[in-house]
Amino acid sequence: MGQLLKYEGLIQTGGEAKHFLAETEIFVNGEQENRRGKKLHEGDRIKISDAYEYMICRG
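The rules behind each value
Residues numbered from 1 in each chain as written. Predicted model: local features only at pLDDT ≥ 70, side-chain atom pairs only at ≥ 80, totals over all residues. Heavy atoms only, no water. Helix = DSSP H or I, 4+ residues; strand = E, 2+ residues; numbered from the N terminus. Rg over C-alpha atoms; globule rule 2.2 N^0.38 Å. Buried < 20%, exposed > 50% of the residue type's maximum accessible area, 1.4 Å probe, protein only. Contact = heavy atoms within 4.5 Å. Pairing = 2+ DSSP bridges. 1 Å grid on protein atoms, 1.4 Å probe; cavity = no way out; pocket = protein on both sides within 12 Å on 5 of 7 lines; lining within 4 Å. Points joined across faces, edges and corners; volume = space filled by probe spheres on them.

Caption draft 1: Quick peek at the overall build of the protein. A tally of helices and strands in the protein yields two helices and four strands. When its helices and strands are written in sequence order, the protein yields α-α-β-β-β-β. Computed over the C-alpha atoms, the radius of gyration of the protein is 10 Å, within 12% of the 10 Å expected from 2.2 N^0.38 for a compact globule of 59 residues. Projected onto its principal axes, the C-alpha coordinates of the protein cover approximately 25 × 20 × 20 Å. Per-residue burial for the protein yields a buried fraction of 29% across its 59 residues. Put simply, of all contacts in the protein between residues at least 6 apart along the chain, 25% involve residues at least 24 apart.

Set out below in structure tokens:
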């Protein structure tokens, strides 16, 4: 999860992830998630607040 947040430019460093996750509603496949180390898998759908939505695809 932390890597996705950095990749998308929502945080600058991994250390910011903990604070970002504590202050922002994030859902993975419809369930609230707040773990920085949450592993994401192909097909996972991530919704961050009401502003961003992502789907993990094979890269």
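Caption draft 2: Expanded view of the pairing of strand 3 (residues 45–48). Residues of strand 3 alternate between two faces, with Ile46 and Ile48 buried on one and Arg45 and Lys47 left unburied on the opposite face. Relative to strand 3, strand 1 (residues 26–28) runs antiparallel, the two being bridged by three bridges. What sits directly across from Phe27, in strand 3, is Lys47. In sequence, strand 3 turns back onto strand 4 (residues 52–55) through a hairpin of three residues, with Ser49 there showing a positive phi of about 50°.

Caption draft 3: Focus on the pairing of strand 4. Where strand 3 lies against strand 4, four bridges are found, and the strand directions are antiparallel. Counterpart to Ile46 in the pairing with strand 4 is Tyr54.

Caption draft 4: Quick peek at the layout of surface pockets. Looking at the largest pocket, its volume works out to about 260 Å³. Met1, Gly2, Gln3, Leu4 and Lys38 are, among the 13 residues lining the largest pocket, the residues nearest its centre. Broken down by element, the residue count for the lining of the largest pocket peaks at four residues, all from helix 1 (residues 2–7).

Coordinates in, geometry out; function isn't part of it.
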